[in-house]
Amino acid sequence: MIINKKQILLFLCAIDCILSADLLSAQTSIKVKNTLDFSRNEMIAIPVSELKSFLNKNKESDLRIKDSGNKYLPIQWIDYDGDGKGEELLFLANIDAKRTNIYTIISEAKTKIPEMKVSTYSRLVPERADDYTWENDKVAFRVYGRKGRRRLWQELKAVPFPAVLIFG
C-alpha cells in the first residue's frame with residue numbers, strides 16, 4: 001500500500017478538525033453590557049438552564065470563567081434544592097461605563113478556581129436564642145428570632161420612658 005502526501009494531508013486535516021470541534025464544544029462566551037455612564041462591579045447570575053449545552057459535554061466542577069485579559073475569575077455555584085448540583089452560577093464582572101465585556105466559559109479541570117477575599121460574615125447566634133446576624137465591610141445586621149424579641153420586649157418594659165418597637 002502506497003501512501004501519498006495528499007492522503008497524509010487529509011488525515012492531518014481530519015485530526016485537526018476533530019480537535020477543533022472538541023475545543024469549541026468545551027468553550028462558550030457571555031456578553032455583559034453596561035449601558036450606564038459609570039463603571040460597575042456586578043454579580044452575574046447564570047441559570048444552569050442557560051449552560052445545558054456546555055454541561056452536557058463537560059463537568060460542572062471543570063467549568064472556569066476567564067475575562068478578556070485571559071484572567072481566571074472566582075465563581076460560585078448556588079445549589080437551591082440541596083441535591084448537590086448547581087442551579088445557578090455566579091461570577092463578578094467589572095465593566096467600564098458604556099462598554100461590553102466578553103467572558104469565556106471553558107472546561108479546564110487542571111486550573112484552580114481563584115478565591116475571593118472574604119468580605120461578608122453570617123451566622124446563627126445560638127447564645128442569643130434564635131437570632132441571626134450578618135456583616136460585611138460596610139454594615140452589620142441582626143435579626144431577632146421569636147425568643148429574642150420576647151426577651152427584648154421584657155427588658156424594654158422595665159425602661160421608664162416610652163419606646164417604639166417595630167416587629168416585622
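This text follows the structure it describes.
My aim in this report is to walk through the structure given alongside it, one point at a time.

Each value, and the rule that gives it
- Residues numbered from 1 in each chain as written.
- Predicted model: local features only at pLDDT ≥ 70, side-chain atom pairs only at ≥ 80, totals over all residues.
- Heavy atoms only, no water.
- Patch = residues over 30% accessible without salt bridge, like charges linked within 9 Å, V, L, I, M, F, W, Y side chains within 5 Å.
- Areas by Shrake-Rupley, 256 points an atom, 1.4 Å probe, with all protein chains shown as cover.
- Salt bridge = Lys/Arg side-chain N within 4 Å of Asp/Glu carboxyl O.
- Helix = DSSP H or I, 4+ residues; strand = E, 2+ residues; numbered from the N terminus.
- Phe/Tyr/Trp six-rings, centres within 6.5 Å; stacked < 30°, edge-to-face > 60°.
- Buried < 20%, exposed > 50% of the residue type's maximum accessible area, 1.4 Å probe, protein only.
- Pairing = 2+ DSSP bridges.
- Axes fitted to C-alpha atoms, helices over the stretch in contact; angles between N-to-C directions.

### Re a nonpolar patch on the surface
Taken together, the side chains of Leu124, Tyr132 and Val143 make up a nonpolar region of the molecular surface, amounting to roughly 280 Å² of accessible area. Mapped onto the elements, Val143 comes out in strand β10 (residues 140–143).

### Some thoughts on the packing of aromatic side chains
A full pass over the atoms with the stated rule returns 3 aromatic pairs. Ring geometry for Trp134 against Phe141: centres 5.0 Å apart, planes inclined by 20°, an arrangement best described as stacked. Since its relative accessible area comes to 30%, Trp134 is described here as partly exposed. Looking at Phe141, the relative accessible area reads 39%, which means it is partly exposed.

### Some details on the sheet that holds strand β5 (residues 75–78)
In spatial order, the strands read β2-β6-β5; together these 3 strands make up an open sheet with antiparallel pairing. Of all strands in the sheet, those with a lone pairing partner are β2 (40–47) and β5, marking the two edges. Within the sheet, the average angular offset between the axes of one strand and its neighbour, ignoring direction, is 30°. Alignment of β2 against strand β6 (residues 88–95), held across 8 bridges, turns out to be antiparallel. Paired with Arg40 across the two strands is Ile95, which belongs to β6.

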